[in-house]
Amino acid sequence: MLRLIIVSAAVVVVPIGIYVASKYGTMEEVTFERARVTAASSTESEQAPKALIPVTIILTAEQSGTGMIVAKDSEGKEFNLSFTGSEPTKPLLSGTSVRFVGHVHDGPNPYFHATQVYE
Amino acid sequence: MIAQILIHMFLGCAVSSTVLYAMGSRGNANALKVARGIFSALALILLASSTILITLILSHDFRYTYVQSYSSADLPTHLLIASFYSGQEGSFLLWTLLVAGIGVILAPYARRFGYEGAAMSFYSLILVFLGLLLVAKNPFAYVWQTYAADGIQETFVPEKGRGLNPLLHNAWITIHPPILFTGFASMSVSFVFAMAGLVKREYHRWIDVALPWTLAATGILGFGIMLGGFWAYETLGWGGFWGWDPVENSSLIPWLVSVALVHTMLVQKRTRGLVKTNMVLAVAAFVMVLYSTFLTRSGVLGDTSVHSFVDPGKFAFWILLAFMVTFVAIGVYLVVIRSRDMNIAREDFTPTTREFMLAIGSALIMASAVLVTIGTSWPVLLEIIGQPKVAVATTFYDNVHLILVPLVFVVNGLSLLLQWRSSPLAVIRRRLAVAAVATAACTAVTVVLGVHKPEMIVLAAAAWFSLVINAQHMWSFITKSAAMLGAYVSHLGFALLMFGVIATSGYTVVHHAVLPQGVPTAVGDYTLTFAGKEQVEKQFRDREKFRYAVSIARGSDSTTVFPVLYYSDFNQRQSAFLEPGIRWGMIRDLYISPKATEMEDVYKKTTVQRGASIKMPFDTTITLQLERFSMPTTEEPAPDGRMRMSALVQVESFGVRADSILRVPTRISQTSTGMAFDPEWTAIPGTQWGIGLVKIVRDNENVDQSTADFVFRDMGKPLPTPKETFTVEFSEKPLIGLVWIGVVTMVAGFAFSIARYARQAAQRSTLLVSTESPHSGQQTIKANTANLHPNES
């Protein structure tokens, strides 16, 4: 009986654990403005919450001359983006559509500090 | 150079002792003798290497990358010593040193039980991998070696060290990591005894040998985890004692597996059941140490943890992976090939026995370990399937444990109500009724005291159930045999810990407060007053560290706490370093976590564009025209070395232009948020007024668009002191002391049990030594077990 209980539990715990974790460990795609609003409403004790923004690159960091990428989100809003993650396999060229993960640095000149990039 | 050679010598010795101990386990007495000598030598080599590293740090030898990266000349001695293990390389060295040190004690202990060859060969293999990590992450690399690609020459010696992260500048850095690493290091002992048991086909005896060590490892690691939580709460200003961060979880997971192992070992010791389970758990406990190390030190978590180590490089990554895979493979291989043997004494437990409940309890603890592992590994799992790497929200851990922890308490209580082997139903009913009534009464009191959330009531009821039954048992044993108290004391501590968690996580009241200096501000039931600040630790030149005096008053009761907020060059002043101010209390802690500080603007600024004119605010008969700016290259630097710029202003009084242009200088320094301007007050000729330049906004494309911000004051009056506003998070944390008391009680319980089982193991080893044949040992041990206390084993 003990064996049956423990084996059954072992079989059940892992998939249930993964299912529950998936409910707590996913990130919705947002716009830059939405990420700004979320960052502004978070408490000061935390870093601004992470956000996933799908973008189209307008100007590369080199082209913009500011060291920052200029990107456009799904609502067409342009914003500055600093990417400090590891070098992606495909170059981040003008016109490329990718998804960036990072957080908003708010203030007079807000920008998105991305640390991960995905296709 | 010598130290680098020593690291390679250590690796050679570890490989040799692995091979020689393995030969010794096959009966080669000479090999065993040589292995002992080599093992002692490797421990001495590590001691020498560690002494060299400490000496290099204490003598500020910045030729070495590690010394330059983690220490500086202005650190006090205790922090210099802590620099030893503050980086990835040094912490590997400390871990290796502790494993070797424990090995020196372990070898003669294992010899007494006839396990030396087998156990120490596995133990030495662990040191081989640690040695490889030390070669990959060598703390004795020179700066010129590390940065050879940047063209750094051999003769280059950095002038100063980067220093230790200011967050680590406190006494806890000298206590917490060594204890935690001792826990990590000692977790390998039960693994090597289990492997030795499998090699020698001694599936029961290894339990007696390994149990005191498993208890010690669990107790030490638990204590180390608690110290980390206390450090986070008391000094780091994180607001809580546990944040479910991957680095915290990486210690918790092996601890949970080890707790489950302790309980299943006790079942096997008593019933000879769960043989395979114990082997698997002994492997799992050690492998989880390796897996957690891999997660937090290989860089796979990326930025999803606030304090995991940075990417160690590909070589170290693959060694960490090989380390883990090798020991999983060894464990799985030995368990599988001995699987048939181990089923010889297989028996099933009936649900109304203590052993059944202990097994269920261990399964629940393992479920907790599995779920924490899934949560911690989540970013890696997402990356494998090509999704953005995101950590699970901490509520995942909270919510799964709101189900698991009450079950663990109930099963713990039931296991103690039941007897070994069989329990008459009448006895069970009577004991259960008493415990249920006491639990109901205590839970009712808890509700009356203010615990109203349903999930917290369930958790409290379960904790009371366990506490009541453990207290009953403690009471019955306290006069008979204090040595038997260990388990009950530990369980009691766990219940107390959980009451602290219920109170502090469910009922902490948090207020956000903005405190202008000198102004009493009502915050909840309290009045908070920010009285002023004082600079401390002036010896450090990378920071101006201030402690802020905040008085907390309610009625006639008043106290002052001193939270700390400062910026440091260590992180280019990008974010503030914070330390909380705490008023410790029996019922509640009052906790002030600093958030931000802002200086009041005492002067009204007036912005002027280049070429434009303004009327002076205090005297409209005076007109000022901003002619242009001087360049820093044409200005003498300020006496303190700061760069200078000036605004050149044409003054006009009653329509009459002054003969000369007025030069208004300012001192400029670079900060993380841009340029900071410190005005040099300049008297406007013929008036009592002074002018200061507090900002220049330069437009390089169109210089006429450049602007300056000016401030004005009466030069006959002293400079007004600007007032500061201090923003804080003020919390009342009820009964948080129970968390610390609970953990200390748990650890004390482990200490009782270690003493008890070490004594039993010593008795058995004495009997084993007195018998010539190892085969007769089993018989002798059985005879000895019969002489133990009827409730022992």
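One structure accompanies this document, and this report is about it. All values reported here derive from a predicted model rather than from experimental measurement.

## Looking at the overall build of chain A
Here is step 1 of the chain: Scanning chain A from N- to C-terminus turns up 3 helices and 5 strands.
Here is step 2 of the chain: Put simply, chain A runs from its N terminus to its C terminus through helices and strands in the order α-α-β-α-β-β-β-β.
Here is step 3 of the chain: For chain A, the C-alpha radius of gyration of 19 Å lies well beyond 14 Å, the compact-globule estimate for 119 residues.
Here is step 4 of the chain: Seen through its C-alpha atoms, chain A measures out along the principal axes to roughly 70 × 35 × 25 Å.
Here is step 5 of the chain: The long-range share in chain A, meaning contacts at least 24 apart out of those at least 6 apart in sequence, stands at 51%.
Here is step 6 of the chain: With the model as given, the accessible surface of chain A reaches about 6900 Å², and the carbon-plus-sulfur share is 56%.
Here is step 7 of the chain: If the 9 positive side-chain charges of chain A are averaged to one point and the 12 negative ones to another, these points end up 9 Å apart.

## Considerations on the nonpolar core
Residue and element names in this part refer to chain B.
Here is step 1 of the chain: One finds Trp-95, Phe-193, Trp-206 and Phe-327 to be the most contacted residues of the largest nonpolar core, which totals 180 residues.
Here is step 2 of the chain: Per-element tally for this core: the top contributor is helix α14 (residues 354-384), with 16 residues.
Here is step 3 of the chain: No fewer than three residues from each of domain 1 (1-164) and domain 2 (187-373) sit in this core.
Here is step 4 of the chain: In this structure, Phe-193 is in contact with Leu-106, Tyr-109, Ala-110, Tyr-115, Ala-119, Trp-206, Val-209, Ala-210 and Trp-213, ignoring residues within four places of it in sequence.
Here is step 5 of the chain: Formed by 26 residues, the second largest nonpolar core is a distinct cluster that contains Leu-417, Met-456, Phe-465 and Val-489.

## Remarks on the pairing of strand β12 (residues 619-629) of chain B
All names here are of chain B.
Here is step 1 of the chain: Pairing between strand β11 (residues 613-616) and β12: 4 bridges, direction antiparallel. Residue pairing across strands places Ser-613 opposite Gln-625, the latter belonging to β12.
Here is step 2 of the chain: The hairpin formed by β11 and β12 contains 2 residues between the paired strands.
Here is step 3 of the chain: Direction of pairing for β12 relative to strand β13 (residues 643-653): antiparallel, over a ladder of 7 bridges. For Ile-622, the partnering residue across the bridge sits in β13 and is Ser-653.

## Some points on the pattern of salt bridges
Residues and elements named next belong to chain B.
Here is step 1 of the chain: As enumerated under the stated definition, the model contains 24 salt bridges over all chains in all.
Here is step 2 of the chain: Arg-111 is the partner of Glu-116 in a salt bridge, and the nearest nitrogen-oxygen pair spans 3.3 Å.
Here is step 3 of the chain: Residue classification places Arg-111 among the partly exposed residues on the basis of a relative accessible area of 40%.
Here is step 4 of the chain: In this structure, Asp-678 and Arg-642 form a salt bridge, with 2.9 Å as the shortest nitrogen-oxygen distance. Linking Asp-678 in strand β16 (residues 674-679) with Arg-642 in the loop between β12 and β13, this pair joins segments that are 36 residues apart in sequence.

## Looking at the sheet that holds strand β5 (residues 111-118) of chain A
Two orientations exist for strands paired in a sheet by backbone hydrogen bonds: parallel and antiparallel.
Residue and element names in this part refer to chain A.
Here is step 1 of the chain: With respect to topology, 5 strands assemble into a closed barrel ordered β1-β2-β3-β5-β4, the strand pairing being mixed. The average undirected angle you get between the axes of adjacent strands in this sheet is 55°.
Here is step 2 of the chain: Pairing analysis gives 7 bridges linking strand β4 (residues 97-105) to β5, with the strands arranged antiparallel. Note on β5: the bridge partner recorded for Phe-100 is Val-117.

Reading guide: rules and limits
- Residues numbered from 1 in each chain as written.
- Chains lettered and ligands numbered in written order.
- Predicted model: local features only at pLDDT ≥ 70, side-chain atom pairs only at ≥ 80, totals over all residues.
- Heavy atoms only, no water.
- Helix = DSSP H or I, 4+ residues; strand = E, 2+ residues; numbered from the N terminus.
- Rg over C-alpha atoms; globule rule 2.2 N^0.38 Å.
- Contact = heavy atoms within 4.5 Å.
- Areas by Shrake-Rupley, 256 points an atom, 1.4 Å probe, with all protein chains shown as cover.
- Lys, Arg positive; Asp, Glu negative; His and termini not counted.
- Charge placed at Lys NZ, Arg CZ, Asp CG, Glu CD.
- Core = buried A, V, L, I, M, F, W, Y, C linked by side-chain atoms within 4.5 Å.
- Buried < 20%, exposed > 50% of the residue type's maximum accessible area, 1.4 Å probe, protein only.
- Domains from an automatic or database assignment.
- Pairing = 2+ DSSP bridges.
- Salt bridge = Lys/Arg side-chain N within 4 Å of Asp/Glu carboxyl O.
- Axes fitted to C-alpha atoms, helices over the stretch in contact; angles between N-to-C directions.

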